[in-house]
Amino acid sequence: MQRTLILNCNNKIGENVMVCGWVSVRRDHGKIVFLDVYDRSAIVQVVVTGELAGDLHPQDVVCITGNVAKRPENLVNLNLETGSVELQASKIEILSKAEELPFDMGGKELDLQLPTLLDFRSLTLRHPKVKAIFKVQEVTIDAFREAMKKKDFTEFQAPVIIPQTAEGGADVFEVKYFNHKAFLSQSPQFYKQIMVGVFERVFTVNKTLRAEPSVTTRHLTEVTTLDAEFGFIENWLDVMEMADYVIKYIFERVGRECGETLKMFGVTIPTVPEKIPMIKLRDAQEVIFKRTGRDNRKEPDLEPEDEREICRWSKEEKGSELIFVTHYPVKKRPFYTFEDPEDPGYTLSFDLIGRGTEWLTGGQRINNLETLERNAKEWGVDLKKSELYLQAFKYGMPPEGGFSFGSERIVMHVLGLTNVREASLFPRDMERVDVRLSTLK
RNA sequence: GGGACCGUAGUGAACUGGUUAUCACGUCUCCCUGUCACGGAGAAGAUAGCGGGUUCGAUUCCCGUCGGUCCCGCCA
């Protein structure tokens, strides 16, 4: 018999069908047993005799043959997509038995501590509420692609093994590369800039790997970043506008396609006005000082608490849960960042901050070879190994800029998760690569 | 790299310087043909992370150790 998707049972009342999937819940009344069975399309109630139900348990994989019946009016379950029908089983084939589960997977919430959630990742990912996070991730990345393509950007694949770090920082993974030393990419920065010389407008979705010894709720060592870079910009505001467009595009699709998930998490898409507000770093610090008395006006960056405060301000005063903070000091940014000719010492760069943390960094880049080389020297970045990068500027590079989103952070904040690890299928951090590293000693 | 806090059945939590360490979910047995995270009755399951100390007595207080969480620095 042909297999039917559970969702299609709604249209097959009176028909004999076979559905295949996993058992999620068993409600045993003795002579009659109700099973909740789900496949990729939906969940359905299966009515079985006690005899036929045998010792079926949650997560057993089954193929059930039976008759699709309309439920009596008073027994319709409005919480279920297929709640107006049920499958009256005549035959159950067990494809795979599951061992006893370490915790209850049947509830609406999966109330586990983070280490348990990750120790049993293959199983916990199956929980509807956990699974839903990664549909949001999929839509987020897909929406990014779609948004970029609509603006005539070309997608490219950036390398993962690199000869030299883009940021000049120390926090990169070193790899043994035959008889040499190489590094794992902590950003596709150099390559996306090179690619502007090729396709003019480019974007890339890839893994960036960071060896920062940061154990926090918002850091991962393996991140999926959404990068874009484009040439012939009028000025840096073009770059910001593009980022504004992209994030709204993502919000629009997540809002439209993941409504059930948003409801499940009790959240709404962040509210943003027609144009996401912007504020210079110094002005933000002034605002924070006025509001809290905390004086960080001499600092080159915002502290986490400042980021939360400026978000509160933005929401109250500007009606926006996102805000661009601009003009970070030259010294605080990578060597390729464009200095504002009208505000020397500060860059034409920006962070997009939302719901308390950074989502994105972007800005205009230096497209003049001499300035770039001078800066690299001053920053202590040895570009000998990055000849290809300089080459791109040697042979003609228009004014350009770009930005980079952390996709996990977008998903985390849209869903109101308290830890980025929850927004990563298989999160890597200082203490875990699938298994806890401490258990491998 | 710096700091704060936590460690109790499979899971999530509670309590306690004193006799059988509590609850919920899960598991097992029995009852139940309309439940939908079904319900009811019963049972098993924890040498309180580990080591040491204080004490008549420690799961509880102290120290060490291992494991974990959070905050800061840094970043997406």
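None of these values were measured; they are calculated from a predicted model.

Participant: Requested: an account of the state of the cysteines, with residues and values cited.
Facilitator: This model, assessed by the stated rule, comprises one disulfide. Note that C20 is cross-linked by a disulfide to C63, the S-S spacing being 2.3 Å. An S-S torsion of about 105° defines the bridge between C20 and C63 as right-handed. Linking C20 in strand β1 (residues 16–28) with C63 in strand β4 (residues 61–70), this pair joins segments that are 43 residues apart in sequence. A residue is classified by how much of its surface remains accessible, and C20, at 11% relative accessible area, is buried. Note on C63: relative accessible area 8%, which makes it buried. Here C9 is not cross-linked by a disulfide; its sulfur's nearest cysteine counterpart is in C20, at 11 Å.

Participant: Can you explain the sheet that holds strand β7 (residues 161–162)? Please cite residues and give values.
Facilitator: Strand order in the open sheet made by the three strands is β7-β9-β8, with antiparallel pairing throughout. Looking at strand neighbours, the two that pair on one side only are β7 and β8 (174–177), the edges of this open sheet. Strand direction decides the pairing type here: β7 and strand β9 (residues 180–184), joined by two bridges, are antiparallel. Within β9, the position partnered with I162 by the bridge is F183.

Participant: Go over the packing of helix α10 (residues 369–379) against helix α11 (residues 387–394), please, and point to the residues and values.
Facilitator: Axes are the key here: two packed helices are described by the angle between their axes and the distance separating the axes. Put simply, α10 and α11 touch, their axes get as near as 9 Å, and they point 150° apart. With respect to α11, the axis of α10 lies roughly antiparallel. Residues L369, L372 and E373 of α10 pack against Y389, L390, F393 and K394 of α11. Across the contact of α10 with α11, the residue classes break down as five nonpolar, no polar and two charged.

Participant: Describe the layout of surface pockets, listing the residues and the values that go with them.
Facilitator: If you add up the space inside the largest pocket, you get close to 1700 Å³. Lining the largest pocket are 44 residues; nearest its centre among them are I43, L80, P128, K129 and M264. In terms of residue count, helix α4 (residues 128–150) provides more of the lining of the largest pocket than any other element does, seven residues in total.

Participant: Lay out a nonpolar patch on the surface in plain terms, naming residues and giving numbers.
Facilitator: Residues V160, I161, Y177 and F178 make up a contiguous nonpolar surface patch of about 410 Å² in total accessible area. Take Y177: its relative accessible area is 37%, and that puts it in the partly exposed class.

Participant: Give me the domain arrangement of chain A: which residues, what numbers.
Facilitator: Frequently, the measure chosen for interface size is the accessible area removed from exposure when the parts meet. Along its sequence, chain A is carved into domain 1 (6–96) and domain 2 (118–440). Distance from the C-alpha centre of domain 1 to the C-alpha centre of domain 2: 45 Å.

Participant: An account of the packing of aromatic side chains is needed here, citing residue identities and associated values.
Facilitator: Enumeration according to the criterion identifies 15 aromatic pairs in this entry. Ring geometry for W22 and Y38: centres 5.7 Å apart, planes at 20°, overall stacked. Of the two residues, W22 sits in strand β1 while Y38 sits in strand β2 (residues 32–38), which places them 16 residues apart along the sequence. Judged by relative accessible area, which is 10%, Y38 ranks as buried. Judged by centre distance (6.4 Å) and plane angle (45°), the ring pair of W236 and F350 falls under tilted. In this pair, W236 is assigned in helix α6 (residues 236–257) and F350 in strand β14 (residues 349–354), connecting sequence segments 114 residues apart. Across the pair, F350 and W236 agree in class, each one buried. Among the aromatic residues, those joined into a ring-pair cluster are F190, F335, Y336, Y389 and F393. When the ring centre of Y346 is taken as reference, the NZ or CZ atom of R282 above it lies at 3.4 Å. Geometry around W379 places K331 over its ring, the cationic atom sitting 4.2 Å from the centre.

Participant: Could you give me a rundown of the pattern of salt bridges, with the residues and numbers involved?
Facilitator: According to the stated counting rule, one finds 38 salt bridges in the structure shown. In this structure, R253 and E146 form a salt bridge, with 3.6 Å as the shortest nitrogen-oxygen distance. Taken together, the positions of R253 in helix α6 and E146 in helix α4 put the pair 107 residues apart, joining distant regions of the chain. Through salt bridges with shared partners, a single ionic network connects R291, E305, R308, E309, R312 and E316.

Participant: Just give me the short version of the sheet that holds strand β5 (residues 85–96), but keep the residues and values in it.
Facilitator: Read around the barrel, five strands follow the order β1-β2-β3-β5-β4 and close on themselves; strand pairing throughout is mixed. In this sheet, neighbouring strand axes are inclined to one another by 55° on average, regardless of whether the strands run parallel or antiparallel.

Participant: Give me the lowdown on the nonpolar core, citing residues and values where you can.
Facilitator: Formed by 61 residues in total, the largest nonpolar core has its most connected members in F144, I247, L360, F403, F405 and L415. At 12 residues, the largest contribution of residues to this core is made by α6. Other than its neighbours up to four places away in sequence, L360 contacts A243, F324, F350, D351, L352, F403, S404 and F405.

Participant: Can you tell me about the protein's contact with RNA strand B, naming the residues and giving the values?
Facilitator: Looking at RNA strand B, there are 54 residues lining it, with R27, E86, Q113, R218 and R409 nearest. At a separation of 3.2 Å, a base nitrogen of RNA strand B approaches a polar backbone atom of G30. Here a base nitrogen of RNA strand B and a side-chain polar atom of E86 are 2.5 Å apart. By residue class, the composition of the surface near RNA strand B is 15 nonpolar, 16 polar and 23 charged.

Participant: Which residues make up the confidence of the model for chain A, and what values go with them?
Facilitator: Per-residue confidence for chain A averages 93 on the pLDDT scale, and 98% of its residues sit at or above 70. Averaged pLDDT values for the elements of chain A fall to 89 in strand β19 (residues 435–436) and rise to 98 in strand β6 (residues 154–155).

Participant: Give a detailed account of the pairing of β4, specifying residues and quantitative values.
Facilitator: With eight of 10 residues buried, β4 lies mostly within the body of the structure. Relative to β4, β1 runs antiparallel, the two being bridged by seven bridges. In the strand pairing of β4, G21 is matched with V62. Where β4 lies against β5, 10 bridges are found, and the strand directions are antiparallel. Residue pairing for β5: G66 is matched across the bridge by A89.

The rules behind these values
- Residues numbered from 1 in each chain as written.
- Chains lettered and ligands numbered in written order.
- Predicted model: local features only at pLDDT ≥ 70, side-chain atom pairs only at ≥ 80, totals over all residues.
- Heavy atoms only, no water.
- Disulfide = S-S within 2.5 Å.
- Helix = DSSP H or I, 4+ residues; strand = E, 2+ residues; numbered from the N terminus.
- Buried < 20%, exposed > 50% of the residue type's maximum accessible area, 1.4 Å probe, protein only.
- Pairing = 2+ DSSP bridges.
- Axes fitted to C-alpha atoms, helices over the stretch in contact; angles between N-to-C directions.
- Parallel < 35°, antiparallel > 145°, perpendicular 65-115°, else oblique.
- Contact = heavy atoms within 4.5 Å.
- Nonpolar A, V, L, I, M, F, W, Y, C, P; charged D, E, K, R; others polar.
- 1 Å grid on protein atoms, 1.4 Å probe; cavity = no way out; pocket = protein on both sides within 12 Å on 5 of 7 lines; lining within 4 Å.
- Points joined across faces, edges and corners; volume = space filled by probe spheres on them.
- Patch = residues over 30% accessible without salt bridge, like charges linked within 9 Å, V, L, I, M, F, W, Y side chains within 5 Å.
- Areas by Shrake-Rupley, 256 points an atom, 1.4 Å probe, with all protein chains shown as cover.
- Salt bridge = Lys/Arg side-chain N within 4 Å of Asp/Glu carboxyl O.
- Domains from an automatic or database assignment.
- Phe/Tyr/Trp six-rings, centres within 6.5 Å; stacked < 30°, edge-to-face > 60°.
- Lys NZ or Arg CZ within 6 Å of the ring centre and 35° of its normal.
- Core = buried A, V, L, I, M, F, W, Y, C linked by side-chain atoms within 4.5 Å.
- Near = heavy atom within 4 Å.
- Polar contact = N/O pair within 3.5 Å; in protein donor to acceptor, adjacent residues only side chain to side chain.
- pLDDT = per-residue confidence, 0-100.

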